[in-house]
Amino acid sequence: MPKPDDDALAESAAETGSVWYSCSCHCGATSFKISHEPLESASIEKAAPVAACNCSICLKNGYLLLYVFRTDIEYVCGWEDLRNYRFASKSRDHKFCGVCGTSIGIDFMGSNKKGDIIARIIQGIDITRLNLYPADGRNYQPEYN
């Protein structure tokens, strides 16, 4: 995916009220920015929702997920070097850094529009101030347990 120019990114974020967040793995080999509605707010109910899924992989890895459209991602480095893990229906690539192993997100294969980003890799946010909601992945597809 080509990197969008900075002026277009800023204009897009300003029009939607979005904020640009920097994201990276633990070692820094993978780095990117996402444009998303604000994740923190003085009133947690006004912050964008973040899913706390209860499927097996989310529980084991402590995933907190937010949906991001591909057009709202600015790649800085390392995206092409990520490793994939698939399980159960094998319809989603769970992306992780091939150097340090940090989980980056979930790619909905076949959908060129969205995926999940792991909220824990977003720099500078306070996880305790996120607007978490329960996502029942355990019962969504039994093979995910």
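Above this text is the structure in question.
Residues numbered from 1 in each chain as written. Predicted model: local features only at pLDDT ≥ 70, side-chain atom pairs only at ≥ 80, totals over all residues. Heavy atoms only, no water.

Peer 1: Before we move on, can you summarise the overall build of the protein with the specific residues and values?
Peer 2: Helix and strand counts for the protein stand at three helices and 10 strands. Secondary structure elements in the protein, listed N-terminal to C-terminal, are α-β-β-β-α-β-β-β-β-β-β-β-α. Going through the 145 residues of the protein one by one, you find that 41% of them count as buried. Here the analysis covers contacts within the protein between residues at least 6 apart in sequence; of these, 58% occur between residues at least 24 apart. Of the roughly 8100 Å² that the protein leaves accessible, carbon and sulfur atoms contribute 51%. (Helix = DSSP H or I, 4+ residues; strand = E, 2+ residues; numbered from the N terminus. Buried < 20%, exposed > 50% of the residue type's maximum accessible area, 1.4 Å probe, protein only. Contact = heavy atoms within 4.5 Å. Areas by Shrake-Rupley, 256 points an atom, 1.4 Å probe, with all protein chains shown as cover.)

Peer 1: Could you give an account of the sheet that holds strand β2 (residues 31-36), naming the residues involved and the relevant values?
Peer 2: Pairing in this open sheet of three strands is antiparallel, and the strands run β1-β2-β5 from one edge to the other. Only two strands of the sheet have a single neighbouring strand rather than two, namely β1 (19-24) and β5 (73-77). For this sheet the average axis-to-axis angle between neighbouring strands, irrespective of direction, equals 20°. Judged from the six bridges that link them, β1 and β2 form a sheet pairing that is antiparallel. In the strand pairing of β2, V19 is matched with H36. (Pairing = 2+ DSSP bridges. Axes fitted to C-alpha atoms, helices over the stretch in contact; angles between N-to-C directions.)

Peer 1: An account of the nonpolar core is requested, with residue identities and associated values reported.
Peer 2: A general trend in soluble globular proteins is that nonpolar side chains are found buried together. One finds F32, I34, L39, L65, L66 and I122 to be the most contacted residues of the largest nonpolar core, which totals 33 residues. For this core, the secondary-structure elements that each account for two or more residues are β1, β2, β3 (49-53), α2 (56-61), β4 (65-69), β5, β8 (103-108) and β9 (114-118). Setting aside residues up to four positions removed in sequence, F32 forms contacts with Y21, S22, C23, I73, E74, Y75, V76, W79, I104, I117 and I121. (Core = buried A, V, L, I, M, F, W, Y, C linked by side-chain atoms within 4.5 Å.)

Peer 1: Please provide a residue-by-residue account of the environment of K46, values included.
Peer 2: Looking at where K46 falls in the secondary structure, it is placed in the loop between β2 and β3. The exposed category is assigned to K46, whose relative accessible area is 69%. Spatially, the C-alpha atoms of K46 and L130 are 9.9 Å apart, while their sequence positions differ by 84 residues.

Peer 1: Give a detailed account of the pattern of salt bridges, specifying residues and quantitative values.
Peer 2: Applying the stated criterion to the full structure yields two salt bridges. A salt bridge links D107 to R70, with the shortest nitrogen-to-oxygen separation between them at 2.4 Å. Here R70 lies in the loop between β4 and β5 and D107 lies in strand β8, a separation of 37 residues in the sequence. R70 carries the same exposure label as D107, and that label is buried. The partner of D93 in a salt bridge is R86, and the shortest N-O contact between them spans 2.4 Å. For D93, a relative accessible area of 6% gives the class buried. The partly exposed category is assigned to R86, whose relative accessible area is 39%. (Salt bridge = Lys/Arg side-chain N within 4 Å of Asp/Glu carboxyl O.)

Peer 1: Tell me about the packing of aromatic side chains, residues and numbers included.
Peer 2: Centre-to-centre distance and the angle between the planes together describe a pair of aromatic rings. Applying the stated criterion across every chain, the model contains three aromatic pairs. Relative to W79, the ring of F32 has its centre 5.3 Å away and its plane inclined at 80°; by these criteria the two rings are edge-to-face. Of this pair, F32 sits in strand β2 while W79 is found in the loop between β5 and β6 (83-85), placing the two residues 47 residues apart along the sequence. Judged by relative accessible area, which is 23%, W79 ranks as partly exposed. Aromatic ring contacts, followed pair by pair, group F32, Y75 and W79 into a single cluster. (Phe/Tyr/Trp six-rings, centres within 6.5 Å; stacked < 30°, edge-to-face > 60°.)

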